[in-house]
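# Analysis of the macromolecular model
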Amino acid sequence: ITGNVILANFHAARVFAPFRHVKKVVVFGSARTLPDAPESLAAENFSRKMWEEHGYMTITGAGNGVMGAAQRGAGREHSFGLNIRLPFEQGANETIEGDAKLVTFNYFFTRKLMFVKECDAVCLLPGTEVAFEREVECEPSFGIGILPTKKLGQRLARFRQIDLIYQGAAEHVD
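Residues numbered from 1 in each chain as written. Predicted model: local features only at pLDDT ≥ 70, side-chain atom pairs only at ≥ 80, totals over all residues. Heavy atoms only, no water.

### Focus on the packing of aromatic side chains
For any pair of aromatic rings, the description rests on two quantities: the centre-to-centre distance and the angle between the ring planes. Keep this limit in mind: Only Phe, Tyr and Trp rings take part, Trp by its six-membered ring, and two of them pair if their centres are within 6.5 Å. Stacked means planes under 30 degrees apart, edge-to-face means over 60, and tilted covers everything else. In this text, helices come from DSSP runs of H or I with a minimum length of four residues, and strands from runs of E with a minimum of two, each type numbered from the N-terminal end. Per-residue accessibility, obtained with a 1.4 Å probe over protein chains only, is compared with the maximum for each type, and a residue is labelled buried under 20%, exposed over 50%, and partly exposed between these values.
Going through the model one piece at a time under the given rule, you end up with four aromatic pairs. Their ring planes at 20° and their centres at 4.3 Å tell us that Phe16 and Phe80 sit as a pair that is stacked. Of this pair, Phe16 sits in helix α1 (residues 3-16) while Phe80 sits in strand β3 (residues 79-84), placing them 64 residues apart in sequence. Comparing Phe16 with Phe80, the two get one shared label, buried. Judged by centre distance (5.9 Å) and plane angle (35°), the rings of Tyr107 and Phe109 are tilted. Through successive ring pairs, a cluster of aromatic residues spans Phe16, Phe19 and Phe80.

Here's what the structure looks like:
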């Protein structure tokens, strides 16, 4: 582990520290989803309700699309952005840009660690392969608690199948 990795984690921990007693939900979704797409509208509404009705702050990857919509819904004061520094890709969305709760990472693994370490809940929106990659990453961290009932497990499997159809990766649900 290099000094930069340790410093990034220390900085992120300091950003989250004042909010350690506030529940947080991570919203995963595509940065390329259009603002008026159903996934974006759902993310915005979801994050707004999670704060207003349940007191959950929102954590996203700080990008546009679904992430930006989720942060718009929660509002800047109730959002965290965990951005990744890439040479050719995204900056932060306008809701979280310049906010003290925006943390930029150089490495994906330290960013992923913070997503899982700081969240109390995860929201995976359909329409992106990234959401399923994040689901697979998060499941071991939550242990068996992520699928507490057989019915929920069946619903999650059906969600995966429907999303594959939506993306054009499958033709029907078996």
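### Observations concerning the nonpolar core
To be explicit about the condition: What is meant by a nonpolar core is a set of buried Ala, Val, Leu, Ile, Met, Phe, Trp, Tyr and Cys residues, joined one to another through side-chain atoms within 4.5 Å. Between two residues, a contact is recorded if the distance between any of their heavy atoms is within 4.5 Å.
Within the largest apolar cluster, 16 residues are counted, with the highest numbers of intra-cluster contacts made by Ile59, Leu82 and Phe105. Mapped by element, the contributors of at least two residues to this core are α1, β1 (24-28), β2 (57-60), β3, β4 (102-105) and α4 (108-118). Apart from residues lying up to four places away in sequence, Leu82 is in contact with Phe16, Ile59, Thr60, Gly61, Ala62, Val103, Phe105, Arg111, Met114 and Phe115. Within the second largest apolar cluster, ten residues are counted, among which are Ala43, Ala69, Ala70 and Cys123.

### As for the packing of helix α2 (residues 38-54) against helix α3 (residues 65-74)
Basically, it comes down to this: Throughout, an axis means a line fitted to C-alpha atoms (over the contacting stretch in the case of helices), and angles, computed between N-to-C directions, take values from 0 to 180 degrees. Roughly parallel means an angle under 35 degrees; roughly antiparallel, over 145; roughly perpendicular, 65 to 115; everything else is oblique. Put simply, a crossing is left-handed when the front helix is turned counterclockwise from the back one by less than a right angle, and right-handed when it is turned clockwise. Under the grouping applied here, Gly and all other residues not named as nonpolar or charged are polar, the nonpolar ones being Ala, Val, Leu, Ile, Met, Phe, Trp, Tyr, Cys and Pro and the charged ones Asp, Glu, Lys and Arg.
Here α2 crosses α3 at 30°, and the two axes come no closer than 7 Å. As judged from the angle between their axes, α2 and α3 are roughly parallel. For the element pair α2 and α3, the recorded crossing hand is right-handed. Across from Glu39, Ser40, Ala43, Glu44, Ser47 and Arg48 in α2, the residues of α3 making contact are Gly65, Val66, Ala69, Ala70, Arg72, Gly73 and Ala74. Looking at the contact of α2 with α3 residue by residue, the classes come out as five nonpolar, four polar and four charged.

### Examining the pairing of β1
Stated precisely, the cut-off is as follows: When DSSP finds two or more bridges between two strands, those strands count as paired.
Counting buried positions along β1 yields five of five residues, so the element is predominantly enclosed. Burial of β1 is two-sided: the residues Lys24, Val26 and Phe28 facing one way and the residues Val25 and Val27 facing the other way are all buried. The pairing of β1 with β2 spans three bridges and is classified as parallel. Paired with Val25 across the strands is Thr58, a residue of β2. Alignment of β1 against strand β5 (residues 121-124), held across four bridges, turns out to be parallel. Following the sheet pairing, Phe28 is matched in β5 by Leu124.

### Observations regarding the side chain of Ser79
With respect to the helices and strands, Ser79 occurs in strand β3. Setting aside its immediate chain neighbours within four residues, Ser79 contacts Met57, Thr58, Gln71, Ala74, Ile96 and Lys101.

### So, the sheet that holds β1
Across the sheet, five strands lie side by side as β4-β3-β2-β1-β5; this open sheet has parallel pairing. The sheet is open, and its two edges are formed by β4 and β5, each paired on a single side. Strand-to-strand twist across the sheet, computed as the mean angle between neighbouring axes with direction ignored, equals 20°. With three bridges connecting them, β2 and β3 associate as parallel partners. Its bridge partner being in β3, Thr58 is matched across the sheet by Ser79. Along the sheet face, α2 touches β1, β2 and β5 and points at about 175° away from the line of β1.

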